[in-house]
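Fold and contact review
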Amino acid sequence: MQYKQISIFSLKNLKSQLLMKQFGHAFRDEFEIDPNATVVNHCSFGYFPKSVVQAKLNYLNKMFQTPEKFVFGEMPQLLEQNRKDAGEFLDSHWQQTFFTTNVTSCVTAILNYFNFKRDDKILYSSLNYPMVANNLMHLNQRVGTQITEIQFQCDDLNDEKILQTYDEHLKEGYNIVFLDLIAYNPVYLMPIKKIVQLCRKYNCISVVDAAHGVGVLEFSIRDLDPDFFMTNFNKWGYVPCTCTLFYINEKFTSDFHSHLIGTNYKQGLDKEYEHEGNQDRTSYLCVSKAIEFMKKHGYKEIIEYNRNIAYQGAVKMAEIWKTELLLKNKEDNKLPMVSVRLPIDDPKLGLKITQKCLQDYNVWINFRNYKGQNWVRVSGQIYNELPDYEYAANSFLKVMQESE
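In this section: helix 7 (residues 192–201). Every α-helical turn comprises 3.6 residues, leaving residues that sit three or four positions apart pointing alike. Buried within helix 7 are the following residues: Ile-192, Ile-195, Val-196, Leu-198 and Cys-199. In an axial view of helix 7, the angular spread of the buried residues amounts to 155°, which keeps them on one side of the axis. Looking at helix 7, the residues exposed on the side facing more than 90 degrees away from the buried face are Lys-194 and Lys-201. In this structure, the buried side of helix 7 is in contact with helix 6 (159–170), strand 4 (176–180), strand 7 (205–210) and helix 8 (221–224).

See the structure below:
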């Protein structure tokens, strides 16, 4: 009897195919999702596995029943273990990574730390999340710090153009630059490692907002080597809101402080972020459970499925609407979020229709107006299949026709 030799590569392919088959509508049972809802917008708040939600509920029960014993006894050790697991998962030293409520709190802490003056210069772009621009405008109004916004057009969304633009600006001399790993609007994966390298070349501090990061891409914080990096474990990391991992380069950790100055002030960052006042920190304790979920079902396979179903779903919606994708080629759509143009350009009417879709059809279509056009940010997740996107697109058309 002859035996066919099976290569390691073939075994890996077989494992990948087996894991991919488990995803789709059958996987909705793993998540806490309203059975009557159609979800094509995972990216705003996230949806969470039942196992992770149950872990949070267990911690909440402890918090309710014996708060002193839990907060002062168990929580410090649990937080440390979850930080260690998160640091290992994202390839970052755990003593430089901390949990906090959201990316906004990280930006606030950074701006407080540097105590910028009138002569300081800060760079950001039109692709940043609006919260960044608002914080910088507030800083400018308070102390007169110089802020510069790079304006990107849709046609500028290619790595070569983006890198050229940052190089031209950074050589002018800036103290700090705020970057997005994934552009907020429209959706685009930024060449972040090369931009961070440009920052080092021009002696500029780099702040990377990776709100959409963990669960979206495989990356190594150690390899990216930014000065500051923040990513949400809620949204794509399967941890209930709110939970943000905040990486601080070791050259800043000795005298950095949380944005909330509390009872642990000047006792070290471990202590400051361990207790930012009385608030619910049980989501931070669910990070290890969420990582376990991602490893169990295959992190690479999850990322691959999400990206593929988002692209296929976006193509289907564009066909139904007779519109287009922002990035036409599949190779350029590297994310589980894809921008599709709405069939109408009136943003007020678009908002009215999307709200009606949520009310009457239980589906939320997340759109933003960019340069006079309305673009939907369609997301893909392991519980999605193509009929979800067909339903969303057709629901929008029905409401649009009713509004005419």
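For helix 2 (residues 50–65), built from 16 residues, the straight-helix expectation of 22 Å at 1.5 Å per residue is met to within 8% by its first-to-last C-alpha distance of 22 Å. Where helix 2 is concerned, the buried positions are Val-52, Val-53, Ala-55, Lys-56, Tyr-59 and Leu-60. For helix 2, the angular spread of the buried residues around the axis is 155°, confining them to a single face. Among the exposed residues of helix 2, those oriented more than 90 degrees off its buried face are Phe-64 and Gln-65. On its buried side, helix 2 packs onto helix 3 (67–89) and helix 10 (287–297).

With that settled, consider the packing of helix 6 against helix 7. Interhelical geometry of helix 6 versus helix 7 gives an angle of 15° and a closest axis separation of 10 Å. Considered as vectors, helix 6 and helix 7 are oriented roughly parallel to each other. Every pair of crossing elements has a handedness; the one defined by helix 6 and helix 7 is right-handed. The residues of helix 7 that touch helix 6, namely those facing Ile-162, Leu-163, Tyr-166, Asp-167 and Leu-170, are Lys-194, Ile-195, Leu-198, Cys-199 and Lys-201. In the contact of helix 6 with helix 7, the residues fall into seven nonpolar, no polar and three charged.

A few words on the packing of aromatic side chains. Describing an aromatic ring pair means giving the distance of the ring centres and the angle of the ring planes. In total, this model carries 28 aromatic pairs according to the counting rule given. Arranged with centres 6.2 Å apart and planes meeting at 75°, the rings of Tyr-47 and Tyr-383 form a pair that is edge-to-face. Within this pair, whereas Tyr-47 is found in the loop between helix 1 (8–21) and helix 2, its partner Tyr-383 is found in the loop between strand 12 (373–379) and helix 13 (386–403), the two being separated by 336 residues in sequence. Given a relative accessible area of 1%, Tyr-383 falls into the buried group. With a centroid separation of 6.0 Å and 40° between ring planes, the pair formed by Phe-152 and Tyr-166 is classed as tilted. A residue pair is termed long-range when its members are at least 10 positions apart, and Phe-152 in the loop between strand 3 (146–150) and helix 6 and Tyr-166 in helix 6 qualify at 14 residues. With respect to burial, Phe-152 and Tyr-166 carry one shared label: buried. An aromatic cluster is built from Phe-98, Tyr-113, Phe-114, Phe-116, Phe-228, Phe-246, Phe-252, Phe-256 and Tyr-273, whose rings are joined through pairwise contacts. Here the guanidinium or amino end of Lys-84 rests over the ring plane of Trp-94, the centre of that ring lying 5.0 Å away.

What counts, and where the lines are drawn
Residues numbered from 1 in each chain as written. Predicted model: local features only at pLDDT ≥ 70, side-chain atom pairs only at ≥ 80, totals over all residues. Heavy atoms only, no water. Buried < 20%, exposed > 50% of the residue type's maximum accessible area, 1.4 Å probe, protein only. Helix = DSSP H or I, 4+ residues; strand = E, 2+ residues; numbered from the N terminus. Arc of directions from axis to C-beta. Contact = heavy atoms within 4.5 Å. Expected span 1.5 Å × (residues − 1). Axes fitted to C-alpha atoms, helices over the stretch in contact; angles between N-to-C directions. Parallel < 35°, antiparallel > 145°, perpendicular 65-115°, else oblique. Left-handed = near helix turned anticlockwise from the far one by under 90°. Nonpolar A, V, L, I, M, F, W, Y, C, P; charged D, E, K, R; others polar. Phe/Tyr/Trp six-rings, centres within 6.5 Å; stacked < 30°, edge-to-face > 60°. Lys NZ or Arg CZ within 6 Å of the ring centre and 35° of its normal.

It is worth stressing that arrangement in space is one thing and function is another; only the former is reported here.
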